[in-house]
Amino acid sequence: MARRYAVAGTGSRAQSYIRAMFQAHPEEAELVALLDPNPGRLAFHQRLVTELGGPELPQYGADDLERMVKEQSVDRVVVTSPDYTHASVVSRLLRAGADVIVEKPLTINAEGTRQIVDAMNESGKSVVVTFNYRYSPRNSALRQVIADGEIGKVTSVEFQWVLDTRHGADYFRRWHREKLNSGGLLVHKASHHFDLVNWWIASSPTRVFASGGLFFYGDENAAARGLGQRPERGTIDGSANDPWLLDLRNDDTNRQLYYESEKYDGYLRDQDVFGPGITIEDNMSVIAEYANGARLSYSLNAHSPWEGYRVSVNGTLGRAELEVVERAAVVDDQIDPSYPSDRVIAGDVRTNGERLVLQKHWATAVEVEIPRGEGGHGGGDRLLYTDLFVGPTNDPLARAADVNDGVRAVAVGIAANQSLATGQPVTVADLNLGGWSS
């Protein structure tokens with residue numbers, strides 16, 4: 001019998017879960033309700049449900065979580081609301097009697113982790129955090145190399161991630177631009193990356209030091225570079241002449257979900273990346289110590305001309321290196337702000353692709369084959385949704401993530417934010433994250 005599901009938070013992320021329920025897992029998941037404070041976004045997702053052959057669903061406002069669970073006999077809720085709402089929404093749902101699937105990050109601060117863990121322990125209900133990067137074949141392949149002992153005991157990890165001027169810039173247009181909403185990119189974005197490290201090396205962070213700041217985006221940086229007066233938003237006539245502006249009218253989803261829904265809550269999805277009010281960093285560096293003795297050196301840049309990442313894992317027997325180019329360049333006709341393009345650009349010396357190399361001591365380097373699958377993230381999305389809606393299989397790579405994995409992932413970012421504020425290293429155990437210790 002299918003479990004009864006609801007979706008709480010009907011922004012853009014909700015679409016993939018709804019499609020998975022109707023298209024891939026109708027026997028396991030029945031969507032029975034939608035919840036969001038914005039009627040326009042609720043209407044958008046109801047149209048999607050109708051297109052997928054689904055019924056007219058009951059709709060609820062943000063204050064109706066408990067009532068929705070009771071009235072619709074909801075077994076499980078997919079939470080895709082903004083990060084700052086996660087602690088309250090997840091804990092309320094757990095106490096109302098529903099299990100929860102929550103988009104990363106689990107929450108944005110230590111108080112939020114304690115709130116969720118306490119509610120889970122008191123209710124006996126479960127929380128699953130959706131770390132889809134684990135399921136990407138290239139990341140799974142690196143995990144396999146390490147788990148097989150190919151490089152011996154891990155001593156250190158070097159991890160560089162660059163977000164380009166489409167994807168990276170987009171965080172500075174929307175609600176993520178305020179740290180109180182997102183925890184900054186060290187929590188919102190990098191929790192994906194820290195989870196990968198925790199999972200790759202099968203250990204937990206113990207101490208963190210961070211450095212960084214807002215060095216590119218924002219009004220002060222724009223003024224220092226002489227950019228002149230800027231519009232407050234991108235949905236204006238003439239925005240096509242400025243690659244930093246996003247016109248919501250140019251994309252049907254953005255137009256319906258955000259531009260036509262502004263009238264309900266005033267939320268602007270297209271703020272200028274060089275405007276005032278940005279309180280998150282765009283350049284960050286982190287050093288983290290792990291319980292197994294390994295060290296992590298991590299950096300994130302949010303205004304790179306290309307998008308991708310490089311990770312090197314050093315061990316007592318050798319070194320594994322993974323390099324990924326998700327988008328080799330940003331050009332004028334690439335209008336999607338949120339997902340890397342596969343298009344090959346003639347004459348570009350950098351090309352999209354991925355490569356995993358293993359080199360043992362006293363030996364030449366060899367390339368490790370990365371399996372390919374069908375669907376998003378190289379087949380990873382399909383595997384993730386199977387784990388979510390069917391149930392985890394006997395996976396030797398242990399890709400399914402529980403609440404403890406969610407806490408470990410945000411632990412680095414929360415500690416890093418405190419380190420940024422104080423200039424001092426932070427011991428993770430001192431954060432009292434609730435229910436988890438290294």
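The rules we used
Residues numbered from 1 in each chain as written. Predicted model: local features only at pLDDT ≥ 70, side-chain atom pairs only at ≥ 80, totals over all residues. Heavy atoms only, no water. UniProt positions renumbered as here; feature names shortened; annotations may be inferred. Helix = DSSP H or I, 4+ residues; strand = E, 2+ residues; numbered from the N terminus. Pairing = 2+ DSSP bridges. Contact = heavy atoms within 4.5 Å. Axes fitted to C-alpha atoms, helices over the stretch in contact; angles between N-to-C directions. Domains from an automatic or database assignment. Buried area = accessible area lost by both parts, 1.4 Å probe. Salt bridge = Lys/Arg side-chain N within 4 Å of Asp/Glu carboxyl O. Polar contact = N/O pair within 3.5 Å; in protein donor to acceptor, adjacent residues only side chain to side chain. Buried < 20%, exposed > 50% of the residue type's maximum accessible area, 1.4 Å probe, protein only. Right-handed = clockwise from strand over helix to strand, strands pointing away.

Engineer: Explanation requested: the UniProt feature "domain: Gfo/Idh/MocA-like oxidoreductase N-terminal" (unreviewed entry) in the protein in the structure shown.
Structural biologist: If you check UniProt for "domain: Gfo/Idh/MocA-like oxidoreductase N-terminal" (unreviewed entry), the listed places come out as residues 4-131 in our numbering. A distance of 22 Å separates the end C-alpha atoms of residues 4-131, which is 44% helix and 21% strand.

Engineer: Sorry if this is basic, but what is going on with the sheet that holds strand S4 (residues 76-79) here?
Structural biologist: Reading across the sheet, the six strands line up as S3-S2-S1-S4-S5-S6 and stay open at both edges, with parallel pairing between neighbours. The sheet is open, and its two edges are formed by strand S3 (59-60) and strand S6 (127-130), each paired on a single side. Bridging between strand S2 (residues 29-35) and S3 involves two bridges; their strand directions are parallel. Counterpart to Leu34 in the pairing with S3 is Gln59. Contacts from helix H4 (residues 86-96) reach S4, strand S5 (99-103) and S6, with the element oriented near 165° to S5.

Engineer: Please explain the domain arrangement of the protein as it appears in this structure.
Structural biologist: By convention, interface size is frequently given as the accessible area that disappears when the constituent parts associate. For the protein, the domain assignment lists domain 1 (3-130), domain 2 (133-216 + 278-377 + 399-431) and domain 3 (219-264). Taking the mean C-alpha position of each, domain 1 and domain 3 sit 30 Å from one another. Tallying the contact residues gives eleven residues for domain 1 and six residues for domain 3. Taken over both partners, the interface formed by domain 1 and domain 3 buries close to 680 Å², and the fraction arising from carbon and sulfur atoms is 62%. It is Asn38, Arg41 and Phe44 that lose the most area in domain 1 upon contact with domain 3, and together they represent 50% of the buried surface on that side. The interface formed by domain 1 and domain 3 holds zero salt bridges in total. Inspection of the domain 1/domain 3 interface yields three residue pairs in polar contact (both at pLDDT 80 or more).

Engineer: Explain the sheet that holds strand S8 (residues 205-213) here, please?
Structural biologist: Backbone-to-backbone hydrogen bonds pair the strands of a sheet. The strands run either parallel or antiparallel. Here nine strands make up an open sheet; going across it, the order is S14-S13-S12-S11-S7-S10-S9-S8-S15 and the pairing mixed. At either end of the open sheet lies a strand with only one pairing partner, and these are strand S14 (366-368) and strand S15 (426-427). Bridge count between S8 and S15: two bridges; the pairing is antiparallel. Opposite Arg207, over in S15, you have Thr427 as the bridge partner. Along the sheet, helix H6 (residues 137-147) contacts strand S7 (154-164), strand S11 (307-315), strand S12 (318-327), strand S13 (353-360) and S14; its crossing angle with S12, the most-contacted strand, is approximately 175°.

Engineer: Would you take a moment to explain the pairing of strand S9 (residues 283-290) for this structure?
Structural biologist: Regular strands have side chains that alternate between both faces of the sheet. In the sheet, S8 pairs with S9 via eight bridges, with the strands oriented antiparallel. In the sheet register, Ala210 faces S9, and the bridge partner there is Val286. Pairing of S9 with strand S10 (residues 295-304), which is carried by seven bridges, proceeds in the antiparallel orientation. Residue pairing in the sheet places Ile287 in a bridge with Ser297 of S10. Remark: four residues form the turn of the hairpin made by S9 and S10, two consecutive strands paired antiparallel; Gly293 in that turn has positive phi of roughly 95°.

Engineer: Sorry, what's going on with the pairing of S2 here?
Structural biologist: Here S2 lies mainly inside the structure; six of its seven residues are buried. Judged from the six bridges that link them, strand S1 (residues 3-8) and S2 form a sheet pairing that is parallel. Residue pairing for S2: Ala8 is matched across the bridge by Leu35. Handedness of the S1-helix H1 (residues 14-24)-S2 crossover: right-handed. Once you follow S2 into helix H2 (residues 39-51) and on to S3, the crossover reads as right-handed.

Engineer: In this structure, what is going on with unusual backbone geometry? I would like to understand it.
Structural biologist: When glycine is set aside, most residues are seen to have a negative phi, and most peptide bonds are trans. Residue Pro105 follows Lys104 across a cis peptide bond; omega there is -5°. Within the secondary structure layout, Pro105 lies in the loop between S5 and helix H5 (110-123). One non-glycine residue, Ala202, adopts positive backbone phi at about 50°. Take Ala202: it is sitting in the loop between helix H10 (190-201) and S8.

Engineer: Mind showing me how you'd approach the side chain of Arg269 here?
Structural biologist: Position of Arg269 among the secondary structure elements: in the loop between helix H13 (262-265) and S9. Judged by relative accessible area, Arg269 falls into the buried class, the value being 6%.

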